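Listed below, chain by chain, are the residues.
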Amino acid sequence: MSAEKRAQSPSSGGGKIEEHAKVDKEKPWRRLVRLFRYTRPYRARLVIAIVSLLVGAGLGLVYPWYFGELLGDAFAEQSTASLNKNTLILITTFGIGSVFVFIRHYLMSWLGERVVADLRLEVHRHLLRMTQRYFHDNRTGELLSRQSDDATRLQSVIGQDLSLALRNILTLIGGVTMLLVVSPKLTGTVLLVVPPLVIAANLWGRIIRKLARQAQDQLAQASGQLQEGLSAVDTVQSFTREDHEAGNYGQGIERAFKLFVKQIRARSWFMSVSSFLAFGAVAGIFWLGGHMVIDGRIAPDELGKFFMYTLAVAGAVGSLAGVVGSYNQALGATARLFEILDSEPEIQDAPDAIALAEPRGEIGFEGVTFAYGDRDLEVIRDFDLRIAPGQVCALVGSSGSGKTTVGRLLLRFWDPQQGRVTFDGHDLRELELASLRGAMAEVSQDPVLFSGSIRDNVRYGRLDASDEEIEAAAQAANADGFVREFPDGYDTIIGERGVKLSGGQRQRLAIARAILRDPKVLLLDEATSALDSESEHLVQAALERLQEGRTTLVIAHRLSTIRDADRIVVLDHGAIVESGTHAELMGRGGAYSRLVARQAALEPDRAAS
Ligand SMILES: Nc1ncnc2c1ncn2[C@@H]1O[C@H](COP(=O)(O)OP(=O)(O)OP(=O)(O)O)[C@@H](O)[C@H]1O
């Protein structure tokens, strides 16, 4: 299954875990190699860190030798001078070693943090390129959890664990070599425990990876719930569903906790079994070595050295077991991050995509049929429409008839299954997305503003706009008046998603943002729906001025606002049932005139305005 398909699979928890099992079958070392590729730009630091590590590990092999010497000095030779000398050597080596510990620890931790930051940036950039369908199939909160929780788990792998693993591997190799030098016979006994350890590591590794994956998934799912609940906290509170939400999130978190505990249990077992094997071997060696000393086959200082090297090797094995556990845990987390990075956006520029140099704003829909998903109903059917540059075309129709969808197709958030949508005669699929969307601006039913100042929000339309241009745009959108009433004026901070503004104020800022963009095509989706009659008049006038020289597609519920449109298209279940000017359609006495009559009956004031 391709990454794309995987990314688009339904986001039910159970389904995901099954999907992931497949990902887990991919060779874990490949993922590890891929992860370490992120250290490439910082090769110099990595090299210095590894050199420090080598020196540290080398010194680590010196200590046991001198400890053995010390034991010999004390028990066999009973020489104070030699005891002093060897102690001094030991302390000096420890001193030098500690400098390298600092360098290694600092650089390795730096690398860990850096790589995680790079990965986060890459995942964010990638997510911003993903298509609407992707966000339909994946909850934002879950993606956020991948971005933060999963990435955090990788930090220690690249930082601490890499250096721990390397150091322990080196200690292991060096230690075993030294053991062979000191006593080959005793070494044979130590090596007996290696095969059971390798088998245990493999077995537990698999279990830990799977559990880690499930636990991370569960956590991500719970984060999805959390994000959804918090972003709609008004609704939660107005329905007094705080306990209900807390319960849902609590269940998710408890499930994640249980999975984490399972994983910890597996790791604990692994660590305890491997350390038992390692230290059991130490006891065996002492028993055997003690006999050899009694029989006079080896000297006490040799047994001392052997013992110290065995301890070093056993410590390395025990610590490697811990590292293997946390590698497996991190590999579970990496899988999903890489899965995000591997999912290709469904809509992207063709290799030979054309940039619109001077857009004119001619729009065409030719035999377009579209359904949101493979199994969904067609929401646009056999749709043909041509809008000449500068024309105003209004789409009307009952709720759910597909008006908004037409706008989505024009912005190429989705590609139709049949037919084509064109801009200046080019199929949208031939155009560079940035230049296509750069030629358009949208003011939607529920405009989204960002936390930040009013000025920043209007500037979102054109980042290089001057303060004067921003204010002029706000004036044209009839927003300048209310903005100046705030004590901080244009520098007023409007809260997350603009919560500190009324719906009408938000809409006027969105209009100012669109004005500033100076687009060739304007998409107005119920742009004036949140305004009272008076400001609607003012904004309507501003919008009419704005529409001059631009192609405008108005999606309207309130029919009074689109009477002057060059063309009115009536949609029903995704198909065009009528099209013409207001006068023509009224004269025809069909669907449009019935809509107008119905609205006049419901809203006499509005209809008359
Ligand atoms: N993201 C989506 N995924 C699946 N189906 C969708 C999606 N968005 C809309 N639909 C379906 O497509 C149909 C058309 O929706 P659309 O929003 O285009 O209608 P509309 O005419 O703009 O409605 P309204 O006037 O109520 O905003 C509806 O039946 C709706 O259920």
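Residues numbered from 1 in each chain as written. Predicted model: local features only at pLDDT ≥ 70, side-chain atom pairs only at ≥ 80, totals over all residues.

- You'll find the protein entered in an unreviewed UniProt entry as Putative ABC transporter ATP-binding protein, with Enhygromyxa salina given as the organism.
- Note on the protein: under the UniProt heading Subcellular location (unreviewed entry), the record states "Cell membrane". (UniProt positions renumbered as here; feature names shortened; annotations may be inferred.)

Quick notes on the pairing of strand β7 (residues 521-525)
Move 1: With five of its five residues buried, β7 lies for the most part within the structure.
Move 2: Residue alternation in β7 divides its side chains into two sets, Val521, Leu523 and Asp525 and Leu522 and Leu524, and both sets are buried. (Buried ≥ 20, exposed ≤ 12 C-beta atoms within 10 Å, placed from the backbone. Helix = DSSP H or I, 4+ residues; strand = E, 2+ residues; numbered from the N terminus.)

A look at the domain arrangement of the protein
Move 1: By domain assignment, the protein separates into domain 1 (3-342), domain 2 (358-439 + 519-604) and domain 3 (447-518).
Move 2: With centres defined by C-alpha atoms, the gap from domain 1 to domain 2 works out at 57 Å. (Domains from an automatic or database assignment.)

Quick notes on the pairing of strand β6 (residues 440-443)
Working note: regular strand, side chains alternate between the two faces of the sheet.
Move 1: Residue alternation in β6 divides its side chains into two sets, Met440 and Glu442 and Ala441 and Val443, and both sets are buried.
Move 2: The pairing of β6 with β7 spans four bridges and is classified as parallel. Looking across to β7, one finds that Met440 is bridged to Val521. (Pairing = 2+ DSSP bridges.)

Quick word on unusual backbone geometry
Move 1: A positive phi angle is found at Arg412, which is not glycine, with a value near 55°.
Move 2: Structurally, the position occupied by Arg412 is in the loop between α13 (403-410) and β4 (418-423).
Move 3: One non-glycine residue with positive phi stands out, namely Asn478, at about 60°.
Move 4: Along the polypeptide, Asn478 turns up in the loop between α16 (467-476) and α17 (480-485).
Move 5: Looking at Asn478, the number of C-beta atoms within 10 Å reads 22, which means it is buried.

Some points on the UniProt feature "transmembrane region" (unreviewed entry) in the protein
Move 1: Mapped onto the present numbering, the UniProt feature "transmembrane region" (unreviewed entry) falls on residues 46-67, 87-107, 164-182, 188-205, 269-294 and 306-327.
Move 2: In residues 46-67, the share of helix is 100% and the share of strand is 0%. The end C-alpha atoms are 32 Å apart.
Move 3: As a span, residues 306-327 carries 100% helix and 0% strand, and end to end its C-alpha atoms are 31 Å apart.

Section: the environment of Leu259
Move 1: For Leu259, the position within the fold is in helix α11 (residues 242-294).
Move 2: Accessibility expressed as a C-beta count within 10 Å gives 19 for Leu259, which makes it partly exposed.
Move 3: Between the alpha carbons of Leu259 and Ala212 there is a distance of 7.7 Å; along the sequence they are 47 residues apart.
Move 4: Contact partners of Leu259, with chain neighbours within four places excluded, come to Leu211, Gln214, Ala215 and Gln218. (Contact = placed C-beta atoms within 7 Å.)

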